[in-house]
Amino acid sequence: MTGAAPPPAATGAPLLEATGISKAFFGVAALTDVDVRIERGEVMALLGENGAGKSTLVKILTGAYRLDAGSIRLEGAPIEPRSVADAQSLGIGTVYQEVNLLPNLSVAENLYLGRQPRTRLGFLDGRRMQRDARALLARYGLSIDPGALLGTYSVAVQQIVAIARAVDLSGKILVLDEPTASLDARETAMLFDVVRQLKREGLGIVIITHFLDQVFAIADRVTVLRNGRLVGSKAIAELDRLSLITMMLGRELKEETLGRSGSEAAVSAEPLVSFRGYGKRGSIEPFDLDIGRGEVVGIAGLLGSGRTETARLAFGADKADSGTLIVDDQAVSVTSPETAVAQGFAFCPEERKIDGIVADLSVRENIILALQARRGWMKPLPRAEQIAIADRYIKALDIRTAHRDLPIKFLSGGNQQKAILARWLATDPRFLILDEPTRGIDVGAHAEIIRLIEDLRARGLSLLVVSSELEELVAYASRVVVLADHRHVAELSGEAMNPSAIMAAIARPHGSAEPATREVAA
Amino acid sequence: MPDMILARLKRLAPQLIALALVLAANGLVSPNFFDLTWANGRLYGSLIDVLNRGAPVALLAIGMTLVIATKGIDLSVGATMAICGAVAASLVAEGQPLAVALVAALGVGLLCGLWNGFLVAILQLQPIVATLILMVAGRGIAQLVTEGVILTFNDPGFAFLGSGNLLGLPTPVILWLAVALIVGVIVRRSALGLLVEAIGVNRRASALAGVKTRFLVISVYLVSGLCAAVAGLIVTADIRGADANNAGLWLELDAILAVVVGGTSLLGGRFSILASLIGAMIIQSINTGILLAGFPPEFNLIIKAGIIVAILALQSPALGSLWAFLRPAPRSPTPAAPDKKELVAR
């Protein structure tokens, strides 16, 4: 059970035990009386919907927040981490979803930042640092050049470098906050190998993830939070998918309920939006695409296949350098978000924090922003109207916020996403472009957003949805465009549209001269 | 509605307290600091002097607040003051009508703002670099206009802007109050304020939401240039001459300081013009107080710096959390969890 170096004082005591943890922000309880325990050589998955309190709990354990009440014991001894550095020196290291390293420094410098080895004269000992870095990375099966800039490596490698640094600094507990959010399957497997190795070495590992498959693949035990309270902590062997989802949502959820809705719905014949030979050099090859009224068209493809580029081009966030756009039988020019909004287009970008929310402004201001921008600065929305709009969407989309005037940065990811959707729905759009609308949000919010997409389609909106959740995509889309290598390589509809067909289309070799294939079942 | 007034007072509290403390200190070093007398159709007194002498920085602070709210900065306002003063003085000296001179000076101020806005919004230069260009070149331009001399004039109408009285107050006071009122009303009665804040917090997200970021960024530099033009007219009118080398010298720094003392973050976002104006008055009160106290002049800048460090320290987040820590038992405002108190007391 214990690792290579069993700690002296602590036989019997769990590696880390936190009891009665409570924390409130601005009077809103984020955590109430939560107990959590981590054993040596164990991978504990911390699960819960957005806003359940996972991040708050992790930030308390790693010293980023101070707790309001409760106690933490490490190897039986009470600790009170006052800062992230403090927690690190106690033995608790963290790797966040967005890698907190410096891409413009070398791998070795990142590993030893702030503690670079020095020569006897006090100068930095670059050679020793490189040697140490190479040895350290070898333990994780990475044979990369420690002198190269970190930014030149993939996110997966950066993640492992971050883990190597955290483990080297701390060495008892490693917290991984959504480590696989931006990794593909192979990279995830690579990361999990590292996690298993650390587990064998006796580390206690806490992993936060939204991917249930990965929970079953890697975790030994699952701790579930809901609304800031502990729901329970169970060995993975005692759980199946349904019981786990039930714990997280607190209600029975029929797992595979996504019926075909989009493909069966009658789609009006004449398209609302038609792209003809639309493209941008170096970004996406020219493509033709029609989207009918009340139709959802899905876009599938691997990361970097041109999915996001297509969405941005359609909204005018990037300028097309070829082709025409026809909206409602009229050729229009959409060269900027302003011109797109004027045509009744709307766009929820993939990077919610960078491109979506205006963090310091209130939920109300975030919701009315696009509408206000369209009206122009000279025609302010009266305050009463702003409040009415904000309250209407907070209620309609069930945006969980303590108050409409709370800065949006205090909301959880799923609620921020709903607020961005509200921002666009308030402009009463006719064409809505969604880039990964359900990415990084929890199961419950997932289901709500899908329901919303179907509602909007039923109300006659045209939607273009980029998603890597293929099961969902085929459920609500009437057609799926498949992208690979910045080209539209296939368009699937009807019975031919299913996840395995999409994956086959992505995987098929693409001759550059060959036109996009259309596969429509009779 | 009373809630909103209360919220605004809470936002302004640090600035108002700092102003009160500085004024109280002035009252200690100069017992007749608060005396006001009426003579020659206007009020006289140290307080009026603070309002009057603080006019240039107050005017600059109005534009600077908007620029800083977009996450920008305008280092060129001091030089813009010199250019606009020189333009007005040279036209008046040539015998042009005063109205022509004033309109020309304001137009040149707008032109300076347009130049900065072009560099920042269209060429996407960093604001500090973009406005540094005019800060350096502007003095040269002003010298070209004055042809290297201190250009004096004798036009009572123009001089009135600097040393006349209006409604019982010195003209500069009325001018900065009027500009502040106009800009403040336009910004807060329209959606300009919200959109400017949105750009300052997240320009990419704002642009994707359809906000005309270029137009708005250019606009704030235009306002800044216009405010600098008015400030330049006041200092030129005050000395009845355009001094290309010294008009508005280093005032951009005082204006930035006024905005910072007013609590608007240099990272952009939420702003308050009123708070920046209070900041400008704090700075001027310190200047006046040091003069009245009769310290040797070589101490002035050091004392000023010390007081400003103290004010900024009072506003700092680090001190804020220390303050929260020192307060007895942090209790949750929701009455839902009274049972937690003994745990907290620990």
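This structure is a prediction, so every number in the text was calculated from the model and none was measured. (Residues numbered from 1 in each chain as written. Chains lettered and ligands numbered in written order. Predicted model: local features only at pLDDT ≥ 70, side-chain atom pairs only at ≥ 80, totals over all residues. Heavy atoms only, no water.)

This part is about the overall build of chain A. Along the backbone of chain A there are 17 helices and 21 strands. Classification of the 522 residues of chain A by burial places 53% in the buried group. Within chain A, residue pairs in contact and separated by at least 24 positions form 66% of the contacts whose partners lie at least 6 positions apart. Counting every atom, chain A has about 22,300 Å² of accessible surface; 51% of that belongs to carbon and sulfur. (Helix = DSSP H or I, 4+ residues; strand = E, 2+ residues; numbered from the N terminus. Buried < 20%, exposed > 50% of the residue type's maximum accessible area, 1.4 Å probe, protein only. Contact = heavy atoms within 4.5 Å. Areas by Shrake-Rupley, 256 points an atom, 1.4 Å probe, with all protein chains shown as cover.)

This next bit is on the pairing of strand 10 (residues 229-235) of chain A. Residue and element names in this part refer to chain A. Relative to strand 10, strand 9 (residues 221-226) is paired through six bridges, and the arrangement is antiparallel. Note on strand 10: the bridge partner recorded for Leu225 is Leu230. As consecutive antiparallel partners, strand 9 and strand 10 are separated by two residues, and within that stretch Asn227 has a phi angle of approximately 50°, a positive value. (Pairing = 2+ DSSP bridges.)

Attention now moves to the side chain of Asn415 of chain A. All names here are of chain A. You can see Asn415 is positioned in helix 14 (residues 413-425). A distance of 3.0 Å separates the side chain of Asn415 from the backbone nitrogen of Arg400, its partner in a polar contact. Beyond its immediate stretch of four places on either side in the chain, Asn415 contacts Asp398, Ile399 and Arg400. (Polar contact = N/O pair within 3.5 Å; in protein donor to acceptor, adjacent residues only side chain to side chain.)

With that settled, the discussion passes to the interface of chain B and chain A. It is common to report an interface's size as the accessible area lost on association of the parts. At the interface, 29 residues of chain B touch 36 residues of chain A. Across the chain B/chain A interface, buried area totals approximately 2,700 Å², and carbon plus sulfur atoms make up 66% of it. Of all residues in chain B, Leu194, Leu208 and Ala209 of chain B give up the largest surface area on contact with chain A, accounting jointly for 23% of the area buried on that side. The tally of links between chain B and chain A comes to two salt bridges. The shortest N-O distance in the salt bridge between Arg204 of chain B and Asp355 of chain A comes to 2.8 Å. Seen at the junction of chain B and chain A, the total is five residue pairs in polar contact (both at pLDDT 80 or more). For the side of chain B that touches chain A, the elements supplying multiple residues, two or more each, are helix 8 (171-189), helix 9 (192-201), helix 10 (203-208) and helix 16 (341-345) of chain B. When residues of the side of chain B that touches chain A are assigned to their parent elements, the largest contribution, six residues, is made by helix 9 of chain B. For the side of chain B that touches chain A, the class distribution of residues is 17 nonpolar, five polar and seven charged. (Buried area = accessible area lost by both parts, 1.4 Å probe. Salt bridge = Lys/Arg side-chain N within 4 Å of Asp/Glu carboxyl O. Nonpolar A, V, L, I, M, F, W, Y, C, P; charged D, E, K, R; others polar.)

Turning next to the confidence of the model for chain A. It should be kept in mind that the predicted coordinates are not to be read in detail where pLDDT is low. Residues and elements named next belong to chain A. Per-residue confidence for chain A averages 82 on the pLDDT scale, and 89% of its residues sit at or above 70. Low confidence marks residues 1-10, where pLDDT is under 50. Its contacts with residues over four positions away, or in another chain, come to ten contacts. pLDDT under 50 marks residues 511-522. Its contacts with residues more than four places away, or in other chains, come to 19 contacts. (pLDDT = per-residue confidence, 0-100.)

Scanning the model with the defined rule gives 27 salt bridges over all chains in all. For the salt bridge of Arg364 of chain A with Asp405 of chain A, the shortest nitrogen-to-oxygen distance reads 2.9 Å. In this pair, Arg364 of chain A is assigned in helix 12 (residues 363-375) and Asp405 of chain A in the loop between helix 13 (383-396) and helix 14, connecting sequence segments 41 residues apart. For Asp405 of chain A, a relative accessible area of 31% gives the class partly exposed. With a shortest N-O distance of 3.3 Å, Arg400 of chain A and Asp398 of chain A are connected by a salt bridge. With a relative accessible area of 43%, Arg400 of chain A lands in the partly exposed category. Through salt bridges that share partners, Glu365 of chain A together with Arg188, Glu197 and Arg270 of chain B make up one connected network.

Residues and elements named next belong to chain A. Spatial strand order, 2-1-4-5: four strands in an open sheet with antiparallel pairing. Among the strands making up the open sheet, the edge pair consists of strand 2 (28-38) and strand 5 (77-79). Between one strand axis and the next, the sheet turns through 30° on average, direction left out of account. Here strand 4 (residues 69-74) runs beside strand 5; their pairing, made up of three bridges, is antiparallel. Its bridge partner being in strand 5, Leu74 is matched across the sheet by Ala77. (Axes fitted to C-alpha atoms, helices over the stretch in contact; angles between N-to-C directions.)

Further remarks concern the environment of Lys10 of chain B. Here Lys10 of chain B is to be found in helix 1 (residues 2-29). Residues Lys10 of chain B and Gly289 of chain B lie 279 residues apart in sequence; the distance between their C-alpha atoms is 27 Å.

All names here are of chain A. Spatially, six strands are ordered 6-7-8-3-9-10 in an open sheet, and the strand pairing comes out mixed. Because the sheet does not close on itself, it has two edges, and the strands there are strand 6 (92-95) and strand 10. This sheet shows a mean twist of 20° between the axes of neighbouring strands, independent of strand direction. Relative to strand 9, strand 3 (residues 42-47) runs parallel, the two being bridged by four bridges. Within strand 9, the residue paired with Ala45 across the bridge is Val222.

Turning next to the side chain of Asn116 of chain B. Mapped onto the elements of the fold, Asn116 of chain B is located in helix 5 (residues 98-122). Excluding its chain neighbours within four sequence positions, the residues that come into contact with Asn116 of chain B are Asp74, Ser76, Ala130, Thr131, Leu134 and Tyr221 of chain B.

Our focus in this paragraph is the packing of aromatic side chains. All names here are of chain A. Taken as a whole and judged by the stated rule, the model has nine aromatic pairs over all chains. A centroid spacing of 5.7 Å and a plane angle of 80° characterise the contact between Phe315 and Trp424, whose relative ring orientation is edge-to-face. Taken together, the residues Phe315 in helix 9 (residues 307-315) and Trp424 in helix 14 connect sequence positions 109 residues apart. In this pair, the class of Phe315 matches that of Trp424, namely buried. Aromatic pair Phe345 and Phe431: ring centres 4.9 Å apart, planes at 85°, arrangement edge-to-face. Of this pair, Phe345 sits in strand 16 (residues 345-348) while Phe431 sits in strand 17 (residues 431-435), placing them 86 residues apart in sequence. (Phe/Tyr/Trp six-rings, centres within 6.5 Å; stacked < 30°, edge-to-face > 60°.)

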